[in-house]
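Here is how the chains run, residue by residue.
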Amino acid sequence: MNEILLELESIPWGLIAPLVIIQLILLVVALVDCFRHNNTNGPQWVWVLVIVFGGIIGPIVYFIFGRRND
Amino acid sequence: MSLIITEQLTKTFNGTSAVDGLNLSIKEGICTALLGPNGAGKTTTLNMLTGLMNPTSGTITFDQRYRGDRRQFIGYLPQYPKFYGWMTGEEYVVYAGQLGGLSKIDATKKTEELLSLVGLDDSKKKRIAGYSGGMKQRLGIAQALVHSPKLIILDEPVSALDPIGRRDVLELMRKLKEKTSILFSTHVLHDAEEICDDIFIVKDGKVVIEGDLVELQRKYQKPTIYLETEESIEYWSHSIKNMDWLRHMQGTKNKLTITVNDIDVAREALLSNETLRKLKITNFEIAKTTLEDLFMEVTAG
Amino acid sequence: MNQWIILFNKEMKEAIRNFKWIWIPLVFILLGIIQPVTSYFLPDILKNFGGFPEGSMLEFPLPTGPQVLAETIGQFGQIGVLVIVLAFMGIVAGERNSGTNIMVLVKPVSYVAYIVSKWLHMSLLAISSFSIGFLLASYYTFQLIESVPISYVIKGAVVYSIWLLFVTTLVLFFSVLFKSNAGVAALTLGITIIISLMSSITPDLLRWSPGMIASHSHSIFQSGEAGEYFWLSISCTIVLIILMIILSIINFKNKETVTHTT
Ligand SMILES: Nc1ncnc2c1ncn2[C@@H]1O[C@H](COP(=O)(O)OP(=O)(O)OP(=O)(O)O)[C@@H](O)[C@H]1O
Ligand SMILES: [Mg+2]
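Residues numbered from 1 in each chain as written. Chains lettered and ligands numbered in written order. Predicted model: local features only at pLDDT ≥ 70, side-chain atom pairs only at ≥ 80, totals over all residues. Heavy atoms only, no water.

A. Spatial organisation of the nonpolar core. Within the largest apolar cluster, 144 residues are counted, with the highest numbers of intra-cluster contacts made by Phe184(B), Ile199(B), Trp23(C), Phe88(C), Phe130(C) and Phe134(C). Considering each element in turn, this core owes the most residues, 15 residues, to helix α7 (residues 150-177) of chain C. For this core, the domains that each give at least three residues are domain 1 (2-217) and domain 2 (221-299) of chain B. Residues contacting Phe184(B), with those up to four places away along its chain left out, are Cys31(B), Thr32(B), Ala33(B), Leu34(B), Leu154(B), Pro157(B), Met173(B), Asp191(B), Ala192(B), Ile195(B) and Cys196(B). Counting 28 residues, the second-largest nonpolar core is a separate cluster that includes Val19(B), Ile26(B), Phe62(B) and Val106(C). (Core = buried A, V, L, I, M, F, W, Y, C linked by side-chain atoms within 4.5 Å. Buried < 20%, exposed > 50% of the residue type's maximum accessible area, 1.4 Å probe, protein only. Helix = DSSP H or I, 4+ residues; strand = E, 2+ residues; numbered from the N terminus. Domains from an automatic or database assignment. Contact = heavy atoms within 4.5 Å.)

Set out below in structure tokens:
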């Protein structure tokens, strides 16, 4: 138990945090875009699921395949 | 003085001619209509005039006084204009103006002016993706005018509009006519008659009738007799088919429209016809044909 | 010149409004951070979860700084390139298919400016995304692993940018030639993969090839010096880029803007 706590402490969280923040930005931007122009390829709710549950690549897949060009 | 002259302009798609040896001459300072039914080749012709399509054969000559790239002198509204939906109406017209050679300031000024002319003042800050068909049509006219071209080419500018929009746009074109030459296509003769000076009627890629509208109206006005009877007139109508005063005949069960060469001879012949009288004439009217009848005649056959 | 700026600004505005200028750099930043971080933790992870018997004497050394940078470039070369190709596969074909190019090209617009401004914008976005991603990758590598001389890092990155330009040019070239976005993407990716593979399998035959660029940048990270025949492959790549841009313009000019009227 102690060992794990030590391990956790040794992890440089300051360096990992940006990863989380970037993923959050991607998620929010994709969601905003998806809701703002409801002109997605296919049903909007599917894309919302993809964005939210698709992990890192969810928002990216949405940006590439989900937006209809206008 | 002609702005554009085409000689034997031809466009072939996989062996079939959409435009077939067209000789047009579009004069400066007037409004010219390209009139024809669906598939006559109007859009194809206009696309070649603007340089968007290459002719299969034939030549297009633009007025010698305007040298260089002829796109500078042409404003074009496609039949189905496609815009960048992410731009606002205002941004689009400014962009079009800048591409047409205006400075940012001039383009903005001109855009302001044009958008209020076409009645888009209220929605100019909205994204085009949210525009209705009629709004897009009017935006399309604004972008065609923004660089003050010598000639504006409008492909069916009113076909997609409701009656009010149609009247607005025709009214607008009447205003524009004062300053620019206009060439527009339509399949409705009435639109052409309302504003144009010259007319080319095309069918199957060929010009069938061309000339000054007023002259054509005079020339092709033929005396006509409208005939209505109580009993069916259909059978009897065959009996006059080969009369030499008859030009053209068309009718339903109880009505007949007869275009004739000599009104006096025809009237005499009809009124003295015993069989006809027995059918109980309810209406006998003498009038003149309009271009509409002619248009129907040449485009139907 | 003025028209170039107008067309370029339009590309820029469009890519800002559809968030390309946000998400593409973010993808490169993610890739740039993830690689050094995993390299740093990999020995720990292997030790703890690798299933090796307790007390076994296996050592998992940390990779060197240059190795991590090279691995990051490898990530950019796969996922980064994939993203750029997919994001821009419709760069020319898209406007053709939707017909939005008609009212633009009926204005007195130079075909050269139309094509080159698109290429410039796409390349700027690709290079900027790569630069910021690689900047962060270097920062993380320096913090977690070890420092590498800055001049090596910059030189290697500049060299690798030329490969990215080669990729964007391929996208442009195929997008002028073909209508189908999927076709453009498949061809571009296919060619980049084949060139890279062939160059690593038979480097002797393909000294001149753009596919050698990645390995040149690797050796720059190591020693500050590129491998043999460096200038050959760089100049060949640049010549190919210029040639493809010229061919794209010619093809674009020769194609009718409108091919059907409905
Ligand atoms: N790409 C093409 N391949 C084959 N045929 C074509 C092509 N483009 C147009 N056509 C044909 O050319 C003919 C002329 O078409 P065009 O669109 O010019 O007519 P139009 O007078 O503008 O008709 P409308 O009133 O319907 O707009 C039509 O028969 C059309 O089917
Ligand atoms: Mg048409």
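There's plenty left to go through after this.
B. A look at the interface of chain B and chain C. Facing the 32 residues of chain B at the interface are 27 residues of chain C. Of all residues in chain B, Arg71(B), Trp86(B) and Leu99(B) bury the most surface against chain C, accounting for 28% of the area lost on that side. In this structure, Arg17(C) and Glu91(B) form a salt bridge, with 2.6 Å as the shortest nitrogen-oxygen distance. The tally of links from chain B across to chain C stands at 13 residue pairs in polar contact (both at pLDDT 80 or more). Counting residues per element, the ones that place at least two in the side of chain B that touches chain C are β1 (2-13), α1 (42-50), α2 (89-99) and α4 (133-145) of chain B. Here the side of chain B that touches chain C is composed, by residue class, of 17 nonpolar, ten polar and five charged. (Buried area = accessible area lost by both parts, 1.4 Å probe. Salt bridge = Lys/Arg side-chain N within 4 Å of Asp/Glu carboxyl O. Polar contact = N/O pair within 3.5 Å; in protein donor to acceptor, adjacent residues only side chain to side chain. Nonpolar A, V, L, I, M, F, W, Y, C, P; charged D, E, K, R; others polar.)

C. The arrangement of the coordination of the magnesium ion (ligand 2) in detail. Residues and elements named next belong to chain B. Looking at the magnesium ion (ligand 2), the protein donor atoms are Thr43 (OG1) and Gln79 (OE1), and they sit 1.8 to 2.2 Å from it. Here Thr43, found in helix α1, pairs with Gln79, found in the loop between β6 (74-77) and α2; they are 36 residues apart in sequence, far enough to count as distant. For the pair Thr43 and Gln79, a shared accessibility class is recorded, and that class is buried. (Donors = N, O, S within 2.8 Å, 3.2 Å for Na, K, Ca; no water.)

D. Representation of the sheet that holds strand β9 (residues 198-203) of chain B in the model. All names here are of chain B. With mixed pairing, six strands are arranged side by side in an open sheet as β6-β7-β8-β4-β9-β10. Two strands bound the open sheet, and with one partner strand each, they are β6 and β10 (206-212). Looking at each pair of strands side by side, their axes are set apart by 15° on average, direction ignored. Pairing of strand β7 (residues 151-155) with strand β8 (residues 181-186), which is carried by five bridges, proceeds in the parallel orientation. (Pairing = 2+ DSSP bridges. Axes fitted to C-alpha atoms, helices over the stretch in contact; angles between N-to-C directions.)

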